[in-house]
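This is what each chain is made of:
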Amino acid sequence: MDITGKVIAITGASSGIGEGAARLLAARGAHLMLGARRTDRLEALVAELVAAGGTAQFRALDVTDKADFEAFVAATEQAYGRIDVLVNNAGIMPLSPFTALKVTEWDHMIDVNIRGVLHGIAAALPRMKAQGSGHFVNISSIGGYRVWPACGVYSATKYAVRAISDGLRMENDDIRVTIVSPGVVESELASTITDPGSAAAMEEFRSIALTPDAIARAIAYAVEQPGDVDVNELIVRPIRSME
């Protein structure tokens, strides 16, 4: 039960859960490749982790671009010789009621939250199969188990992450697949909400939010298990729940 030396690539690593996971996994000895669009934040985070004795690199990543994701995973393999874990964490949450007709935002959620995960699988799965092992940690949400008003499209994308993960697990007995589904967490997800009513409702939820390290510990728990143990699903939410 050890993370030391494992090569772990994390998407959406510039803030929130991705940043929290990077800090914890680096402290536990993982070799990290961090991806996100905001490379200034990644550069600062990597410098901090390395100064603390960790091993980390970064690369700009747009998960909606299949070729960019392929290059990100290739850079991970080039840097460390393999990829043991891909944490598909990048996601957006511009909540709104259907009557607002924010079709562009719906499309963007589908691109990031679903296609982004599929692009990660397409890039990493052949490499994991070739090396005979690997682990996908796909970040879903409590919204992948239940739907609320203004949450229909977001929940649909997170239900999809669960379906994709289950299918991937069933088809591969040499690859581990874990779904981590957070409840409300301190992050920048809510910053993408442009609908005023949805933004106000989210402020109430945020009053009980977990900090990202709570989800990071769940990720670490799944990763540190022996190779013959696959933690299928973890739901992590505040003890005082509004969900």
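Here we summarise the structure given alongside this text.

### Section: the pattern of salt bridges
Then, number 1: Evaluated as defined, the whole model comprises 13 salt bridges.
Then, number 2: Linking R23 and E48 is a salt bridge whose minimum nitrogen-to-oxygen distance equals 2.2 Å. With R23 in helix α1 (residues 16-27) and E48 in helix α2 (residues 39-51), this residue pair connects regions lying 25 residues apart in the sequence.
Then, number 3: The class for R23 is partly exposed, based on a relative accessible area of 33%.
Then, number 4: A salt bridge links K129 to D174; its shortest N-O distance comes to 2.9 Å.

### What to know about the layout of surface pockets
Think of a ball as big as a water molecule: rolled over the atoms, this probe shows where empty space is left.
Then, number 1: Volume-wise, the second largest pocket comes out at about 160 Å³.
Then, number 2: Surrounding the second largest pocket, K6, R82, D84, V85, G132, S133, G134, H135, D174, R176 and G227 form its lining.
Then, number 3: Of the residues assigned to the lining of the second largest pocket, the class counts are one nonpolar, five polar and five charged.

### Quick look at unusual backbone geometry
Keep in mind that most residues, glycine aside, have a negative phi and that most peptide bonds are trans.
Then, number 1: Here the phi dihedral of L101 falls at roughly 55 degrees; this positive angle occurs in a residue that is not glycine.
Then, number 2: Looking at the secondary structure, you find L101 in the loop between β4 (85-88) and α4 (103-131).
Then, number 3: For L101, a relative accessible area of 60% corresponds to the exposed category.
Then, number 4: Positive phi, normally seen in glycine, also occurs at A150, with a value near 75 degrees.

### Section: empty space enclosed by the protein
Then, number 1: Counted according to the given criterion, the structure contains two cavities of 30 Å³ or more.
Then, number 2: Of the voids in this model, the largest cavity is the one considered here, and its volume is about 60 Å³.
Then, number 3: As for the largest cavity, its lining consists of P94, S96, F98, W106, M109, A150, C151, G152, V153 and Y154.
Then, number 4: Mapped by element, the contributors of at least two residues to the lining of the largest cavity are α4 and α5 (152-171).
Then, number 5: Looking at the lining of the largest cavity, the element that brings in the most residues is α5, giving three residues.
Then, number 6: Its residues placed into classes, the lining of the largest cavity shows eight nonpolar, two polar and no charged.

### Considerations on the packing of α1 against helix α7 (residues 212-223)
Then, number 1: Two numbers describe how α1 lies on α7: the axes approach to 8 Å, and their chain directions differ by 55 degrees. Between α1 and α7, the crossing angle belongs to the class labelled oblique. Remark: the crossing between α1 and α7 carries right-handed chirality. Touching G16, I17, G20, A21, L24 and L25 of α1 are P212, I215, A216, R217, I219 and A220, all from α7.
Then, number 2: Its residues assigned to classes, the contact of α1 with α7 shows nine nonpolar, two polar and one charged.

### Things to note about the side chain of N138
Then, number 1: Tracing the sequence through the fold places N138 in strand β5 (residues 135-139).
Then, number 2: Engagement of the side chain of N138 in a polar contact is seen with the side chain of S165, the distance being 2.9 Å.
Then, number 3: The residues touching N138, leaving out its near neighbours within four places in the chain, are N88, V117, V161, S165, V177, T178, I179 and V180.

### Points about α5
Then, number 1: Here α5 spans 29 Å end to end across 20 residues, near enough to the 28 Å set by a 1.5 Å rise per residue.
Then, number 2: Structurally, α5 contributes buried residues whose contacts are with α4, β5, β6 (176-182) and β7 (233-236).

### Notes on the packing of aromatic side chains
Then, number 1: Inspection of every chain in the model, using the stated rule, returns two aromatic pairs.
Then, number 2: Each ring, one from F69 and one from F72, has its centre 6.0 Å from the other, and the planes form 70 degrees; the classification is edge-to-face. Taken together, the residues span about one helical turn, with F69 and F72 both in helix α3 (residues 66-80) at a distance of three residues. In terms of burial, F69 and F72 fall into one category: buried.
Then, number 3: Ring centres of F98 and W106 lie 5.6 Å apart, and the angle between their planes is 65 degrees; this geometry places the pair in the edge-to-face category.

### Some details on the nonpolar core
A general feature of soluble globular proteins is that nonpolar side chains tend to end up buried together.
Then, number 1: By size, the foremost hydrophobic cluster in this structure holds 37 residues, and its most contacted members are I8, I10, L25, L32, L34 and I219.
Then, number 2: Taken together, the elements giving at least two residues each to this core come down to β1 (7-11), α1, β2 (31-36), α2, β4, β5, α7 and β7.
Then, number 3: At eight residues, α7 tops the list of elements feeding residues into this core.
Then, number 4: Not counting chain neighbours up to four residues away, the residues in contact with L34 comprise I10, A13, A22, L42, L45, V46, L49, Q57, F58, R59 and F72.

Parameters and conventions
Residues numbered from 1 in each chain as written. Predicted model: local features only at pLDDT ≥ 70, side-chain atom pairs only at ≥ 80, totals over all residues. Heavy atoms only, no water. Salt bridge = Lys/Arg side-chain N within 4 Å of Asp/Glu carboxyl O. Helix = DSSP H or I, 4+ residues; strand = E, 2+ residues; numbered from the N terminus. Buried < 20%, exposed > 50% of the residue type's maximum accessible area, 1.4 Å probe, protein only. 1 Å grid on protein atoms, 1.4 Å probe; cavity = no way out; pocket = protein on both sides within 12 Å on 5 of 7 lines; lining within 4 Å. Points joined across faces, edges and corners; volume = space filled by probe spheres on them. Nonpolar A, V, L, I, M, F, W, Y, C, P; charged D, E, K, R; others polar. Axes fitted to C-alpha atoms, helices over the stretch in contact; angles between N-to-C directions. Parallel < 35°, antiparallel > 145°, perpendicular 65-115°, else oblique. Left-handed = near helix turned anticlockwise from the far one by under 90°. Contact = heavy atoms within 4.5 Å. Polar contact = N/O pair within 3.5 Å; in protein donor to acceptor, adjacent residues only side chain to side chain. Expected span 1.5 Å × (residues − 1). Phe/Tyr/Trp six-rings, centres within 6.5 Å; stacked < 30°, edge-to-face > 60°. Core = buried A, V, L, I, M, F, W, Y, C linked by side-chain atoms within 4.5 Å.

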